[in-house]
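Residue-level structure breakdown
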Amino acid sequence: MPLSPPKFPFKLAFNSGATSDAPYGTRQSAVLNAAGLAEARRCIAAWPGYQPTPLVDLPGLAKTLTIGRISYKDEAARFGLRSFKPLGGAYAVERCLMRVVAEKTGRRDIDPAEILDGSHAAIVAQVTVTAATDGNHGRSVAWGARMFGCRCVIYINEAVTEAREHAIAAYGAEVRRNPGSYDDAVRETFAVARREGWHVIPDTPGDGQEDGVALDAPREVTQGYAVLAAEAIEQLTEGVVPSHLFLQAGVGGMAAAVCAGFWETFGAKRPKTILVEPEQCACWFASLKDQRPTAITGDTDSFMSGLACGEVSQLAWEILQPGAAAAMTLPDAAAKETMCLLADGIEGDPPLVAGESGVAGVAALIAAAQDETARSALGLGPDSHVLVIGSEGATDEALYREVVGRSWQEVAA
Ligand SMILES: Cc1ncc(COP(=O)(O)O)c(C=O)c1O
């Protein structure tokens, strides 16, 4: 029986600051650029187990929504961490260690291979990296620290599930649960790092960095994410440029990296970028509406935990303020339904293991494509080719089973 996808309530707002015809400019290149991407790719491709994640066609969903083509970049198996995140956090750890080794040895030409092969193991073992996280970023930093041989302390807030805590600890990090919100955990991380001489690896510029702590890391995190866009561009048949990108955003690092990758490569022919957020923490929606970074206050918790952020990243703002065409918000229920839909596969599509933040782009596409006003305003139709990023698999196994009713292994099999 053909499935009809559910209709989710959503909000859509266009970005009055969008410059769809503008070339990729100096403001954007200062954050992400081709040279930085080449360096990130060289480093990351050398890590054990690197391989591009698959780009999966979803013809069944496309037919059901009367959309020309839907491509799904499936990050569920990235380095065994089940999300795109190792591309960012672990890459920033490697760059941080390169800087420490350069300082200690007086050499400025430290190659990433020297960090990976243990040439400076004694120096690296003395380094502690730290980060605040609501899950995936901390896991990525912990994984990187273990790969390179340094110590790692990760701060989580009250709302982070035990499964996520254990997943971080499994990589050998010390995990400290801090009372209060994610933002409280960020403040604690910087305070302790300053006291102890640790290196903070944040995924967004913010509190505490004005005094010089880890200024490079947020840019390197975002630069690492750009590797997934570069892979996707290569995986699309030569010359094929999607018409739309539906990109979920927390602080906006991933969306900025993907938007920038297509913008720098295809210029004015780049796809239309639509940002997607949970409705209770829609800081991009609010910021694009106000045309300035606007924080969301109050309870910003979301089932889509990787997207539960109240403030945009200033670095991502440089790219997405002119680069995003529109922003959408969705209720948490939309993510739950989409997880189940993708696990079943619509009209013969392959079953996909997609976690709570990973499905947001698809959920927004499903919502917009079935609403005549949004469909026409966004220019979605039989000629459209939409690229979505399945940014995580079952990063919280118990939660995945509870929502989908089966284990991720059963879905994958
Ligand atoms: C699975 C997943 N998808 C998307 C995002 C959003 O990334 P960003 O915060 O860079 O916007 C996150 C962030 O943690 C995430 O974990």
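Computed from a prediction, not measured in an experiment: that's the story for all the values here.

Structural notes on the overall build of the chain
For the chain, the count of helices and strands is 18 helices and 11 strands. Here the C-alpha radius of gyration of the chain, 20 Å, is about what a compact globule of 413 residues would show, namely 22 Å. The C-alpha extent of the chain, read off along each of the three principal axes, is 60 × 45 × 40 Å. Looking at the chain residue by residue over its 413 residues, the buried ones come to 60%.

A few points about the sheet that holds strand β7 (residues 199-200)
If you trace the four strands from one edge of the open sheet to the other, you get β6-β5-β4-β7, paired in parallel fashion. With partners counted over all chains shown, the strands left at the sheet margins are β6 (174-178) and β7, one partner each. Bridge count for strand β4 (residues 128-133) against strand β5 (residues 151-157) is six bridges, and the pairing is parallel. Across the sheet, the residue bridging to T130 is V153, located in β5. Strands in contact with helix α9 (residues 182-196) are β4, β5, β6 and β7; relative to β4, the strand with the most contacts, it is inclined by about 165°.

Regarding the nonpolar core
Ranked by size, the top nonpolar core spans 80 residues in total, and within it V129, V258, W284, I319 and L320 carry the most contacts. Per-element accounting of this core gives the leading share, 10 residues, to helix α4 (residues 86-105). Here this core gathers at least three residues from each of two domains, domain 1 (11-83 + 221-412) and domain 2 (86-220). Residue contacts for V129: discarding those within four places in its chain leaves V93, C96, V141, A145, C150, R151, C152, V153, H199 and I201. If you look at the next biggest cluster of nonpolar residues, it comprises 49 residues, including L65, I67, V276 and I366.

Here we look at helix α2 (residues 34-45)
Its 12 residues give α2 an end-to-end C-alpha distance of 16 Å, which sits within 8% of 16 Å, the value for a rise of 1.5 Å per residue. Within α2, the full set of buried residues consists of G36, A40, C43 and I44. Take α2 and look down its axis: the buried residues cluster within an arc of 90°, on one side only. Next to the buried residues of α2 lie α4, α5 (112-116) and α10 (217-235).

With respect to the site of the ligand
The immediate surroundings of the ligand are formed by 15 residues, with K85, N136, G250, G252 and S391 found nearest. In this structure, G253 approaches the ligand through a main-chain N or O atom, which is 3.0 Å from an oxygen atom. In the model, a nitrogen atom of the ligand is placed 2.7 Å from a nitrogen or oxygen of the S391 side chain. Of the pockets mapped on this structure, the ligand occupies the largest cavity.

Here we look at the layout of surface pockets
Considering only enclosed or pocket space, the largest pocket measures out at about 950 Å³ in volume. Of all the secondary-structure elements, those providing two or more residues to the lining of the largest pocket are β4 and α9. Of the residues that constitute the lining of the largest pocket, the class distribution is 20 nonpolar, 16 polar and 11 charged. Counting the residues that make up the lining of the largest pocket, at least three belong to each of domain 1 (11-83 + 221-412) and domain 2 (86-220).

Description of the sheet that holds strand β10 (residues 326-330)
If you trace the seven strands from one edge of the open sheet to the other, you get β1-β10-β9-β8-β11-β3-β2, paired in mixed fashion. Of all the strands in the sheet, the pair left with one neighbour each is β1 (11-14) and β2 (55-57). Each adjacent strand pair in this sheet contributes to an overall mean axis angle of 25°, direction not counted. Judged from the six bridges that link them, strand β3 (residues 69-74) and strand β11 (residues 385-390) form a sheet pairing that is parallel. For Y72, the partnering residue across the bridge sits in β11 and is V388. Along the sheet, helix α12 (residues 283-290) makes contact with β1, β9 (272-278) and β10, crossing β9 at roughly 125°.

A short note on the packing of α2 against α4
Packing of α2 against α4 leaves a shortest axis separation of 11 Å and a crossing angle of 90°. The angle between α2 and α4 falls in the class roughly perpendicular. For the pair α2 and α4, contact is made by G36, E39, A40, C43 and I44 and by L87, Y91, E94 and R95, respectively. Split into classes, the residues belonging to the contact of α2 with α4 amount to five nonpolar, one polar and three charged.

Remarks on the domain arrangement of the chain
The domain architecture assigned to the chain consists of domain 1 (11-83 + 221-412) and domain 2 (86-220). On a C-alpha basis, the centroid separation for the pair domain 1 and domain 2 is 25 Å. Contact residues are listed per partner, giving 37 residues for domain 1 and 33 residues for domain 2. Of the roughly 2800 Å² buried at the junction of domain 1 and domain 2 (both faces included), carbon and sulfur atoms supply 59%. On the domain 1 side of the interface with domain 2, the three residues burying the most area are W47, L81 and V221, jointly 28% of the side's total. Here E39 ties to R95 by a salt bridge, and the two come within 2.9 Å at their closest N and O atoms. Remark: the boundary between domain 1 and domain 2 carries 18 residue pairs in polar contact (both at pLDDT 80 or more). Counting only elements with at least two residues in the side of domain 1 that touches domain 2, the list comes to α2, α10 and α13 (314-323). Tallying contributions element by element places α10 first for the side of domain 1 that touches domain 2, with seven residues. A breakdown of the residues in the side of domain 1 that touches domain 2 according to their chemical character gives 18 nonpolar, 11 polar and eight charged.

Basis of the calculations
Residues numbered from 1 in each chain as written. Predicted model: local features only at pLDDT ≥ 70, side-chain atom pairs only at ≥ 80, totals over all residues. Heavy atoms only, no water. Helix = DSSP H or I, 4+ residues; strand = E, 2+ residues; numbered from the N terminus. Rg over C-alpha atoms; globule rule 2.2 N^0.38 Å. Buried < 20%, exposed > 50% of the residue type's maximum accessible area, 1.4 Å probe, protein only. Pairing = 2+ DSSP bridges. Contact = heavy atoms within 4.5 Å. Axes fitted to C-alpha atoms, helices over the stretch in contact; angles between N-to-C directions. Core = buried A, V, L, I, M, F, W, Y, C linked by side-chain atoms within 4.5 Å. Domains from an automatic or database assignment. Expected span 1.5 Å × (residues − 1). Arc of directions from axis to C-beta. Near = heavy atom within 4 Å. Polar contact = N/O pair within 3.5 Å; in protein donor to acceptor, adjacent residues only side chain to side chain. 1 Å grid on protein atoms, 1.4 Å probe; cavity = no way out; pocket = protein on both sides within 12 Å on 5 of 7 lines; lining within 4 Å. Sits in = over half its atoms within 2 Å of the grid points. Points joined across faces, edges and corners; volume = space filled by probe spheres on them. Nonpolar A, V, L, I, M, F, W, Y, C, P; charged D, E, K, R; others polar. Parallel < 35°, antiparallel > 145°, perpendicular 65-115°, else oblique. Buried area = accessible area lost by both parts, 1.4 Å probe. Salt bridge = Lys/Arg side-chain N within 4 Å of Asp/Glu carboxyl O.

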